[in-house]
Protein chains: 2
Amino acid sequence: MSEASTPKERTRARILDEAAKAMREKGADGIGVAALMKRAGLTHGGFYAHFENRDDLVAHAVDRMFQDSDFVLKRHLAGNEAAKGLSELIDYYLSEETWKHTDRGCPLPSLGGEASRMPTAARQRFSDGIHAFRAALAASLAALELPNPESLAASVLAEMVGAMTLARTLDEDAARLALGASRDQLKRRIGLPIDAG
Amino acid sequence: MSEASTPKERTRARILDEAAKAMREKGADGIGVAALMKRAGLTHGGFYAHFENRDDLVAHAVDRMFQDSDFVLKRHLAGNEAAKGLSELIDYYLSEETWKHTDRGCPLPSLGGEASRMPTAARQRFSDGIHAFRAALAASLAALELPNPESLAASVLAEMVGAMTLARTLDEDAARLALGASRDQLKRRIGLPIDAG
DNA sequence: TCGCCTATATGATGCTCATCATATTATATG
DNA sequence: CATATAATATGATGAGCATCATATAGGCGA
């Protein structure tokens, strides 16, 4: 997942990978230091050679999550015509695959609500991640020559995050409906064709 | 806040009021049994005379939160023309007042992300609350004779929840922009007039 | 006023957690 | 092969937690 030069850096990256997965799946407090280190194939003692304390870990884990998110974002938006990129991104972000795999990709649906209660460093990472996501959407929307691309981008991002948040608390059938509704409405208001399905 | 007949019922209601406030503010795990009972003017021992265990408390506290939310919902939507009611609801739900007072009203922005990780009883309460919210929106949208009111209602709810979730992780200036953007875009797509401001 | 029952308080138990001091293993260098 | 240094392991400490057994207090019928 993450490459690094020294063995220690590789170990640190492994810890962060596991933390990023576990926290998206179980919440920021959902995994303790000992359990996390075990998942990384280590014991709890070595933890403080890699991080100042648990808060420091959380902040860097949030970074790691937004790296995943950015990767997906760029995979769809970059090197695609704007309309196609946006359509693909909406379909992927609001897919049943994404619904199922709570430990991957964008941290906002699973941890967005907790972000405001996190220590400053982690919270700042969320803030930066949101701005970057919104800016990427705004650029694509501007390319489509839609009016107020900045405002529309904020609105689109809000709906994407909200729809997945809600869908994840619903059972599978209700989630399917909610996700489909937001995929359709989002494409409609961006002026994209709506595929049957 | 809540009335009841026997003293014990009044005590229980007080505990639930405090739990509902504290959990919206600090997260579902943000307050322990002892601290909660102290906020209600009691000590920790009596807790189990009112609730089976902590999970039971959480489930009923979520109920209590959706009662607050429903009250606000109906205050705006009922006994108002549909257009006016929706406009007021959007303005209130996405207001800076709501942004500040994390311990009041709808639990979805603060706890929506955690809901999927809660025990079944609490999670079911969230699911019911979402359906009721969506149905109320759909009824108002249908009165406006908009196409696909059910789908639109799901989409509008998603944007409302997502916008407040994101705004709460942003600083005040960025939050103001995000909330304003979603207020405008929501009204635009519902065909409501957009007030200057 | 006396005793009963309901509601709340005290105190204890066992668990999980973050953190740290110290020991041990692994790696690299001479 | 020996030694120094870096990386991880062991074990302990103290705090906070949910839960429960038991004790006390406070209102109500006699």
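A few points on the structure. This structure is a prediction, so every number in the text was calculated from the model and none was measured. Every chain is numbered on its own, with residues counted from 1 as its sequence reads. All chains are assigned letters beginning at A, and all ligands numbers beginning at 1, according to the order in which they are written. Since the coordinates come from a predicted model, pLDDT governs what is reported: local features require at least 70, and pairs of side-chain atoms require 80 or more to be given and counted, while whole-chain, interface and lining totals use all residues.

1. Describing the overall build of chain A
Link 1 in the chain: A run of DSSP states H or I qualifies as a helix once it reaches four residues; a run of E qualifies as a strand once it reaches two. Both are numbered from the N-terminal end. When helices and strands are tallied, chain A shows ten helices and zero strands.
Link 2 in the chain: Sequence-ordered secondary structure for chain A, helices as α and strands as β, is α-α-α-α-α-α-α-α-α-α.
Link 3 in the chain: Across its three principal axes, chain A shows a C-alpha extent of roughly 55 × 35 × 30 Å.
Link 4 in the chain: Any residue whose C-beta has 12 or fewer other C-beta atoms within 10 Å is treated as exposed, any with 20 or more as buried, and any in between as partly exposed, C-beta atoms being built from the backbone. Put simply, chain A has 197 residues, and 45% of those count as buried.
Link 5 in the chain: Expressed as a percentage of contacts within chain A between residues at least 6 apart in sequence, the contacts between residues at least 24 apart total 61%. Contact between residues is assigned whenever the C-beta positions, reconstructed from backbone atoms, fall within 7 Å.

2. Examining the protein's contact with DNA strand C
Link 1 in the chain: Nearness is defined per residue: the C-beta atom, placed using the backbone, must lie within 6 Å of the molecule or strand. Contacts to DNA strand C come from 19 residues, most closely from A:G32, A:N53, B:K8, B:L42 and B:G45.
Link 2 in the chain: Secondary structure elements with two or more residues in the surface near DNA strand C: α2 (33–39) and α3 (47–50) of chain A together with α1 (7–26) of chain B.
Link 3 in the chain: Ranked by the residues each element gives to the surface near DNA strand C, the list is headed by α1(B), at three residues.
Link 4 in the chain: Among the residues forming the surface near DNA strand C, the class breakdown is seven nonpolar, ten polar and two charged. Basically, the charged four are Asp, Glu, Lys and Arg, the nonpolar ten are Ala, Val, Leu, Ile, Met, Phe, Trp, Tyr, Cys and Pro, and anything else, Gly included, counts as polar.

3. Section: the environment of B:A78
Link 1 in the chain: By the element assignment, B:A78 lies in the loop between α3 (54–77) and α4 (82–93).
Link 2 in the chain: Distance in space between the C-alpha atoms of B:A78 and B:V58 is 29 Å, their sequence separation being 20 residues.

4. Examining helix α9 (residues 149–169) of chain A
Link 1 in the chain: What a helix is expected to span follows from its residue count: subtract one and scale by 1.5 Å. Relative to the 30 Å expected for 21 residues at 1.5 Å per residue, α9(A) spans 30 Å between its end C-alpha atoms, a close match to the ideal helical length.
Link 2 in the chain: Where burial is concerned, most of α9(A) is hidden: 19 out of the 21 residues are buried.

5. Topic: the packing of α9(A) against helix α9 (residues 172–190) of chain B
Link 1 in the chain: For the pair α9(A) and α9(B), the least separation of the axes is 8 Å and the interaxial angle reads 85°. As the angle between them shows, α9(A) and α9(B) are arranged roughly perpendicular. Mapping the contact onto sequence places A:S151, A:L152, A:A154, A:S155 and A:A158 in α9(A) and B:L177, B:A178, B:A181, B:S182, B:D184 and B:Q185 in α9(B).
Link 2 in the chain: Residues of the contact of α9(A) with α9(B), tallied by class, amount to six nonpolar, four polar and one charged. To define axes, lines are fitted to C-alpha atoms, for helices over the stretch in contact only, and angles between the resulting N-to-C directions are given on a 0 to 180 degree scale. Note that the term roughly parallel is reserved for angles under 35 degrees, roughly antiparallel for angles over 145, roughly perpendicular for angles of 65 to 115, and oblique for everything else.

6. Comments concerning the relation of the copies chain A and chain B
Link 1 in the chain: For the pair chain A and chain B, the relating rotation is 180°, the translation along its axis is 0.0 Å, and the fit reaches an RMSD of 0.0 Å. Both copies of the chain, as the preceding transformation shows, are related through a two-fold rotation axis.
Link 2 in the chain: Interface overlap between copies is the fraction of interface residues in one copy that are interface residues in the other; for chain A against chain B it reaches 100%, indicating a shared surface. We place the copies in one frame by least squares, fitting the C-alpha atoms of every residue whose pLDDT is at least 70 in both.

7. Comments concerning the nonpolar core
Note that soluble globular proteins tend to have their nonpolar side chains buried in a common cluster.
Link 1 in the chain: By our criterion, buried Ala, Val, Leu, Ile, Met, Phe, Trp, Tyr and Cys residues that link up through C-beta atoms within 7 Å make up a nonpolar core. With 108 residues, the main nonpolar core has A:L157 and B:L157 as its most contacted residues.
Link 2 in the chain: Other than its neighbours up to four places away in sequence, A:L157 contacts A:F133, A:R134, A:L137 and B:L166.

8. What to know about the interface of chain A and chain B
Bring the parts together and some accessible area is lost; that lost area is often taken as the interface size.
Link 1 in the chain: Taken together, the 39 residues of chain A in the interface contact 40 residues of chain B.
Link 2 in the chain: Elements with a minimum of two residues in the side of chain A that touches chain B: α7 (108–115), α8 (120–143), α9 and α10 (172–190) of chain A.
Link 3 in the chain: Counting residues per element, the side of chain A that touches chain B draws most heavily on α9(A), which supplies 14 residues.

9. Overview of the protein's contact with DNA strand D
Link 1 in the chain: Near DNA strand D lie 20 residues; those nearest to it are A:K8, A:L42, A:G45, B:G32 and B:N53.
Link 2 in the chain: Among the secondary structure elements, those contributing two or more residues to the surface near DNA strand D are α1 (7–26) of chain A together with α2 (33–39) of chain B.
Link 3 in the chain: Residues of the surface near DNA strand D, tallied by class, amount to eight nonpolar, ten polar and two charged.

10. Notes on α1(B)
Residues and elements named next belong to chain B.
Link 1 in the chain: Between its terminal C-alpha atoms α1 stretches 28 Å, which fits the 28 Å expected from 20 residues at 1.5 Å a residue.
Link 2 in the chain: Taken together, the buried positions of α1 are occupied by I15, L16, E18, A19, A20, K21, M23 and R24.
Link 3 in the chain: Among the structural elements, α2, α3 and α6 (108–115) are those in contact with the buried residues of α1.
Link 4 in the chain: Once α1 ends, the next one or two residues include G27, with phi positive near 90°.

11. Thoughts on the environment of B:L77
Link 1 in the chain: Within the fold, B:L77 resides in helix α3.
Link 2 in the chain: Note: C-alpha distance between B:L77 and B:A35 (42 residues apart in sequence) is 37 Å.

12. Topic: unusual backbone geometry
Link 1 in the chain: Unusually for a residue other than glycine, A:E145 sits at a positive phi of about 60°.
Link 2 in the chain: Its 9 C-beta neighbours within 10 Å are what place A:E145 among the exposed residues.
Link 3 in the chain: Phi angles above zero are rare outside glycine, and B:N148 is one such case at about 50°.

13. Observations concerning the environment of B:A158
Link 1 in the chain: Mapped onto the elements, B:A158 comes out in helix α8 (residues 149–169).
Link 2 in the chain: Take B:A158: there are 30 C-beta atoms within 10 Å of it, and that puts it in the buried class.
Link 3 in the chain: If near-sequence neighbours (up to four positions away) are discounted, B:A158 is found in contact with A:E159, A:G162, A:A163, A:L166 and A:S182.

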